[in-house]
Amino acid sequence: HPMAIVAMEQDSLVYLRAEGISTPHAFTTRQGGVSKDHLASLNIGFSRGDSRENVLSNYTILGEVLGFTPDQVAATRQTHSDIVRTVTAKDMGRGITRSPFPECDALVTADEGVVLVVFSADCTPILLHDPVTGIVGAAHAGWRGTAADIAGKTVAAMAALGADPANIHAAIGPNIGQCCFETQSDVPEAMVKVLGGQAEEFIASRGRSYYVDLKGVNKALLERAGVRNVEVSRLCTCCREDLFWSYRRNGDKRGSQGALIQCRREAKV
């Protein structure tokens, strides 16, 4: 059967796993952490008003299931850019247990044990794994990042480390779906600019509004970059309040979910 993105449950923790990615990884949900009130409960963002102890506890909970500790994690410092940073073992803990990187919306690494994390509320989280070399990547694609082809730039950064795009397995996680992503003309125009006529199949118009399928655009951009294996989650962060925070639904009164992936070079396929 085709590879899928499936929900995994362990005690109260719920996360999503891509069947095509064989290294430890997760798209996180709201469920299974220790944070309270509107941050309940698996908030992984330090800038949401949560206590530092709660957020670190949430990373510890994830790490116990996936096989890492919070001090192995390196996090993005997101600004809706198309900046991809290459992470080494010396960067472990940045943005988590020590000072963060300069701005970046995607990370790649070839170093054993490093865990990359990106944060999302409605934007598109993308995880990438090359099982031949062990090289991994994680990207946060807002609509501006999508229009700047951060997906393709993340693939290029992995290729610069030695990954062949044809070997990469990619997974596109939960985001605001086409069902809920109502925009003005600026967003579809930006998609046409990056993808040309192919963008049309990911844009629907109703009245004066447009509805854009950002998962579809990012899948097309990954394929254009040479990635043959792309899994796509069907879940919408705006529809599924039980599982996700949504900027469009919750505004700033929300936690952060995200996506994380660990480099395991030893486990060569």
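Because the structure is a prediction, the values reported are computed rather than measured. (Residues numbered from 1 in each chain as written. Predicted model: local features only at pLDDT ≥ 70, side-chain atom pairs only at ≥ 80, totals over all residues. Heavy atoms only, no water.)

1. What to know about the overall build of the chain
- Within the chain, the regular secondary structure consists of six helices and 15 strands.
- Relative to the compact-globule value of 18 Å for 269 residues, the chain shows a C-alpha radius of gyration of 17 Å, a close match.
- Along the three orthogonal principal directions, the C-alpha set of the chain runs to about 50 × 45 × 40 Å.
- In the chain, the share of contacts with a sequence separation of at least 24, taken over all contacts with a separation of at least 6, comes to 65%. (Helix = DSSP H or I, 4+ residues; strand = E, 2+ residues; numbered from the N terminus. Rg over C-alpha atoms; globule rule 2.2 N^0.38 Å. Contact = heavy atoms within 4.5 Å.)

2. Some details on helix α5 (residues 214–224)
- Counted residue by residue, α5 has eight buried out of eleven residues, so it is predominantly covered.
- Listing the buried residues of α5 in full gives Leu214, Lys215, Gly216, Val217, Asn218, Ala220, Leu221 and Leu222.
- One side-chain oxygen of the residue at the start of α5 lies 3.2 Å from the amide nitrogen of lysine 215, identifying that residue as aspartate 213. (Buried < 20%, exposed > 50% of the residue type's maximum accessible area, 1.4 Å probe, protein only. Polar contact = N/O pair within 3.5 Å; in protein donor to acceptor, adjacent residues only side chain to side chain.)

3. Concerning the layout of surface pockets
- Empty space within the largest pocket amounts to approximately 720 Å³.
- Every residue lining the largest pocket is counted, 27 residues in all, and those nearest its centre are Gln78, His80, Cys123, His140 and Arg254.
- Secondary-structure elements contributing two or more residues to the lining of the largest pocket are β7 (115–120), α2 (143–147) and α6 (247–250).
- Taken as a whole, the second largest pocket encloses approximately 160 Å³ of empty space.
- Along the walls of the second largest pocket sit Ile176, Gly177, Gln178, Asp213, Lys215, Gly216, Lys219, Val232, Ser233 and Arg234, which together make up its complete lining.
- With three residues, the top contributor of residues to the lining of the second largest pocket is α5. (1 Å grid on protein atoms, 1.4 Å probe; cavity = no way out; pocket = protein on both sides within 12 Å on 5 of 7 lines; lining within 4 Å. Points joined across faces, edges and corners; volume = space filled by probe spheres on them.)

4. Remarks on the sheet that holds strand β13 (residues 209–212)
- What the three strands build is an open sheet, ordered β11-β13-β12; its pairing is antiparallel. Because the sheet does not close on itself, it has two edges, and the strands there are β11 (182–183) and β12 (203–206).
- Sheet topology note: the β12/β13 ladder contains four bridges and is antiparallel. Bridge pairing links alanine 204 to tyrosine 211 in β13.
- Each of β11, β12 and β13 touches helix α4 (residues 186–195); the most contacted strand, β13, lies at about 45 degrees to it. (Pairing = 2+ DSSP bridges. Axes fitted to C-alpha atoms, helices over the stretch in contact; angles between N-to-C directions.)

5. Here we look at the packing of aromatic side chains
- Here the structure, examined in full by the defined rule, presents one aromatic pair.
- Ring centres 6.2 Å apart and planes at 10 degrees place the aromatic pair phenylalanine 46 and tyrosine 59 in the stacked group. Placement of phenylalanine 46 in the loop between β3 (25–28) and α1 (52–66) and of tyrosine 59 in helix α1 is noted, with a sequence separation of 13 residues between them.
- For tyrosine 59, a relative accessible area of 0% translates into the label buried. (Phe/Tyr/Trp six-rings, centres within 6.5 Å; stacked < 30°, edge-to-face > 60°.)

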